[in-house]
Amino acid sequence: MIHGAPASPAAATQDALALAALARDCAASGSERRALVLHLSRLPEELREPRHQRQLREALTPILRPTRARLYELPGGDVVAVSRPPGEHLDDARATLRRLMPDVPADTVFPELRLPAQSAALLATVEAALGFAAAAPAAELPPEEVGAPPPGRELDAAERALASADISSFLRVSGLWRFAAAGATPERVRNESRVHLRDLAAVLLPGFSLAASAEARTRFRAAAERRLLAEFARPPGPLRPGAPGLSLPLGLAAATSPEFHRLEATLGAEGRKRLLVCLDPAEVFADPDGVAALAAFARSRGWSLGLDDVDPEALPLLRHGGFAMLRLRFRPALLSAPVAARAALDAALPADRGRLLLTGADCASAVGWAWQRGVSLFQGRMVEPRSV
Amino acid sequence: MPPPLIRVPVMALPRPVARMARALLDDAAAQGGGSRRATADAEELEGCAPGPAHRAATAIAELLAAAGGVRAGTALLPPEGAAAREAWAAALPLGQLAALSVFTRGDAPAMQRLAPARLAEPALRDALCRRLLAALASATDLAALPRLRPGLRLMLDFPEAGLARGARSGGAAGAVALLPLAAAAQPHHLADTLARLRAAGWSAALRLPGPAALRLVELARLPPLDLLVLEDPGEALPDDFAPPTPLALAGRVGPALRARAAEQRWFVEAAR
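Residues numbered from 1 in each chain as written. Chains lettered and ligands numbered in written order. Predicted model: local features only at pLDDT ≥ 70, side-chain atom pairs only at ≥ 80, totals over all residues. Heavy atoms only, no water.

Draft legend 1. Representation of unusual backbone geometry within the structure. All names here are of chain A. Put simply, Pro85 and Pro86 share a cis peptide bond, and its omega is 10°. Position of Pro86 among the secondary structure elements: in the loop between β3 (79–83) and α3 (88–100). For the peptide bond that leads from Pro235 to Pro236, omega is 5°, which places it in the cis range. Looking at where Pro236 falls in the secondary structure, it is placed in the loop between α9 (214–232) and β7 (245–249). (Helix = DSSP H or I, 4+ residues; strand = E, 2+ residues; numbered from the N terminus.)

Written out as structure tokens, the structure reads:
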């Protein structure tokens, strides 16, 4: 659009993919670039008439000519101009846009990004243009509705049923992957088995909400996980020779249960070295003595203890040095977090990035965000399908 | 009767260690037969086959050695089943459910705390907190609660979610709402809870359930609070410990730490 007619859909897709590759390369190599994103699709209707487009073109063409900036025209009509630093002409272009459209919020409609620091935000823009951003949330589970908590007798009945139920259809098995660079093949470093509590509760406690009672949730979770552990403790067990190690997200009650002790005894010393148990931070905060006892026991027995589902905002609060693995939950809001929050989170990341795993890595921007921080362990749709 | 193969003095052990030791005995009984039996001060495993019993004994020895530094404790033990616990919590007389204690600063009484009874399993604590708050709002139940001391600032233990949305303080201006540390695992929700409490006239505090919490939390990174309450520190406070917020020591506080608290002008629970 800037230099003539809008790009064809195929050309725009090509441009989007090239821009995504550039963002990833900058994140991986640390190369600096400046980018001016022109979200023309976000302009109000009254500014999208042909005469406005003409005015824009006339104003920006001399500033953004190809020798000064590389232009990427994205599907949907947005344009990204990328330049090596210092790239003052991008400031000139932005100033021109502000002059032409004083009522348009420039930070939203014409944001400026600096690579590699904001590679993830640029990748998010590309994904949105390609339609991935709209597709990703659709696959997420809707938030659990908070209804009535299950009465004690219902919970007792569910626990009795769980003591002998086959819960294999409620088991979610996924991989933890090492994915270090664009173009590399992800390597499966652990298998993870987790009981899908919400689906299981929908069958055993229909009409009630575990979210309404912390105690009910803890009890139900413990019963379900103890059932899983009892199954795992039977031959042939969850670990095969030569197969990746096992990650088990467990509640504290299950991790201190007879079924867990049976499993870890069954694994033997070699198997225990390949076992990682991850606890929720809320449980760690609720029972630090219990966790300290479990951590000491884990050390003496040779298996590892980690933290599951760490809220990025909670990471700076945690003294996590004693945990072998931190599973950090990705949130799209990380890409646009204020500078102070970003700095606090970055400072709280473990120096040994091998202890950090990003969960919810369902889009390229999540992977890009992690790569910028030297994180190469992932769980999520972005890595999972590549090797299965 | 053959002599017991394993005997674990669980009553002298910290709660989490005792729980894990029981679990190991149960597992051995499931694997090698026999049964676990509770005596006045211990748990015994008898009649178990030597292999599982030996494995359990080894694991328990490692557990006790590893947890040597963990504190011991006593608490109310609720029944096992969910329905039984629900009935137990609902029927617990308010006089047993609630405990009033006084905190001093220097030698002078400075604050009073109305808290639920100590529980062997903390999962029920939220339910007891809710019952306690409901009792405070009921003219009938209020009389059954320990009598508050007039003129002393009140601190109340709250469930993790804080006040129900829209709830009012009922004249609690200046009173301290004490939230569990677990609320900090979701900082966004905690910020909402603190904002709601303050809008309703409460001051806000977080309850650290034991000195082990100090090894897990960056206190300086917590949101702004009016008070931190540390339970059962014994003497286990590092020499260089400098809380970013006024501190109250509750439960078991060793004599040396009491002396230090007096110097530091920390609040200390006098008796419960």
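Draft legend 2. A look at the sheet that holds β7 of chain A. Residues and elements named next belong to chain A. Reading around the circumference, β5-β6-β7-β8-β9-β10-β11-β12 is the order of the 8 strands in this closed barrel, with mixed pairing throughout. Two elements, strand β10 (residues 325–329) and strand β11 (residues 356–359), share 4 bridges in a ladder whose sense is parallel. Bridge pairing in β11 places Arg329 opposite Thr359. (Pairing = 2+ DSSP bridges.)

Draft legend 3. Representation of the sheet that holds strand β3 (residues 43–46) of chain B. All names here are of chain B. With antiparallel pairing, 3 strands are arranged side by side in an open sheet as β1-β3-β2. Two strands bound the open sheet, and with one partner strand each, they are β1 (6–8) and β2 (35–38). Across the sheet, the mean angle separating the axes of adjacent strands is 20° when strand polarity is ignored. Pairing analysis gives 4 bridges linking β2 to β3, with the strands arranged antiparallel. Residue pairing in the sheet places Ala38 in a bridge with Glu43 of β3. With respect to the sheet, helix α1 (residues 15–32) is in contact with β1, β2 and β3, its orientation differing from that of β3 by roughly 15°. (Axes fitted to C-alpha atoms, helices over the stretch in contact; angles between N-to-C directions. Contact = heavy atoms within 4.5 Å.)

Draft legend 4. Quick look at the domain arrangement of chain A. All names here are of chain A. Annotation of chain A at the domain level lists domain 1 (9–135) and domain 2 (141–387). Taking the mean C-alpha position of each, domain 1 and domain 2 sit 39 Å from one another. Of the residues lining the interface, 11 residues belong to domain 1; the matching set on domain 2 comes to 9 residues. In this assembly, domain 1 packs against domain 2 so that about 840 Å² is buried in total across both faces, 61% of it on carbon and sulfur atoms. On the domain 1 side of the interface with domain 2, the three residues burying the most area are Arg24, Ala120 and Glu127, jointly 48% of the side's total. Run the count over domain 1 and domain 2 and you get 1 residue pair in polar contact (both at pLDDT 80 or more). Counting residues per element, the ones that place at least two in the side of domain 1 that touches domain 2 are α1 (9–29) and α5 (119–130). It is α5 that contributes the most residues to the side of domain 1 that touches domain 2, 6 residues altogether. Of the residues that constitute the side of domain 1 that touches domain 2, the class distribution is 7 nonpolar, 2 polar and 2 charged. (Domains from an automatic or database assignment. Buried area = accessible area lost by both parts, 1.4 Å probe. Polar contact = N/O pair within 3.5 Å; in protein donor to acceptor, adjacent residues only side chain to side chain. Nonpolar A, V, L, I, M, F, W, Y, C, P; charged D, E, K, R; others polar.)

Draft legend 5. Up close: the packing of aromatic side chains. One pass over the full model with this rule turns up 6 aromatic pairs over all chains. Between Phe158 of chain B and Trp202 of chain B, the ring centres sit 4.9 Å apart and the planes meet at 75°, which makes this aromatic pair edge-to-face. Pair noted here: Phe158 of chain B is in the loop between β6 (153–157) and β7 (176–180) and Trp202 of chain B is in the loop between α7 (187–199) and β8 (203–208), with a separation of 44 residues, a long-range link. Neither residue differs from the other here; Phe158 of chain B and Trp202 of chain B are each classed as buried. Ring pairing ties together the aromatic residues Phe179, Trp371 and Phe378 of chain A, which thus form one cluster. (Phe/Tyr/Trp six-rings, centres within 6.5 Å; stacked < 30°, edge-to-face > 60°. Buried < 20%, exposed > 50% of the residue type's maximum accessible area, 1.4 Å probe, protein only.)

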